Amino acid sequence: MTVDNGVRVVAGCMLLLSLALTTWVHPGFIWLSVFVGANLIQSAFTGFCPAAMVLKRLGFKT
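How each quantity is defined
Residues numbered from 1 in each chain as written. Predicted model: local features only at pLDDT ≥ 70, side-chain atom pairs only at ≥ 80, totals over all residues. Heavy atoms only, no water. Helix = DSSP H or I, 4+ residues; strand = E, 2+ residues; numbered from the N terminus. Contact = heavy atoms within 4.5 Å. Areas by Shrake-Rupley, 256 points an atom, 1.4 Å probe, with all protein chains shown as cover. UniProt positions renumbered as here; feature names shortened; annotations may be inferred. Core = buried A, V, L, I, M, F, W, Y, C linked by side-chain atoms within 4.5 Å. Buried < 20%, exposed > 50% of the residue type's maximum accessible area, 1.4 Å probe, protein only. Polar contact = N/O pair within 3.5 Å; in protein donor to acceptor, adjacent residues only side chain to side chain.

A. The overall build of the protein, seen in detail. Helices and strands together make up the secondary structure of the protein, namely three helices and zero strands. Ordering the α and β elements of the protein from the N terminus gives α-α-α. In the protein, the share of contacts with a sequence separation of at least 24, taken over all contacts with a separation of at least 6, comes to 51%. Of the roughly 4,600 Å² that the protein leaves accessible, carbon and sulfur atoms contribute 73%.

Written out as structure tokens, the structure reads:
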């Protein structure tokens, strides 16, 4: 799997987890969704993505 696809998988899982936690644990977990969305937007403009750096170190293809 490539780093780009890995980032999409991680972001999607984080969003689904955040929505589940917001529904069943506490409404404050909605901020995790906000953080993930903001990070996706800033990475599109700056090219800096912490998740991509982690996935590269884990051995994902570039």
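B. Inspection of the UniProt feature "transmembrane region" (unreviewed entry) in the protein at higher detail. Within this structure's numbering, the places UniProt gives as "transmembrane region" (unreviewed entry) are residues 7-25 and 31-55. Between the end C-alpha atoms of residues 7-25 the distance is 26 Å, and the span holds 95% helix and 0% strand. A helix fraction of 88% and a strand fraction of 0% characterise residues 31-55, whose end C-alpha atoms lie 23 Å from each other.

C. A look at the nonpolar core. Within the largest apolar cluster, five residues are counted, these being Val3, Val7, Cys49, Ala52 and Leu55. For this core, the secondary-structure elements that each account for two or more residues are α1 (3-24) and α3 (50-57). Beyond its immediate sequence surroundings of up to four residues, valine 7 is in contact with Cys49, Ala51, Ala52 and Leu55.

D. Local environment of the side chain of serine 18. The residue serine 18 is located in helix α1 in this model. Since its relative accessible area comes to 0%, serine 18 is described here as buried. A distance of 2.8 Å separates a polar side-chain atom of serine 18 from the backbone oxygen of phenylalanine 29. Residue contacts for serine 18: discarding those within four places in its chain leaves Phe29, Ile30, Leu32 and Ser33.

E. Molecular detail of the UniProt feature "domain: Inner membrane protein YgaP-like transmembrane" (unreviewed entry) in the protein. Under the local residue numbering, the UniProt record ascribes the feature "domain: Inner membrane protein YgaP-like transmembrane" (unreviewed entry) to residues 2-56. Taken as a whole, residues 2-56 contains 84% helix and 0% strand, while its terminal C-alpha atoms sit 9 Å from one another.

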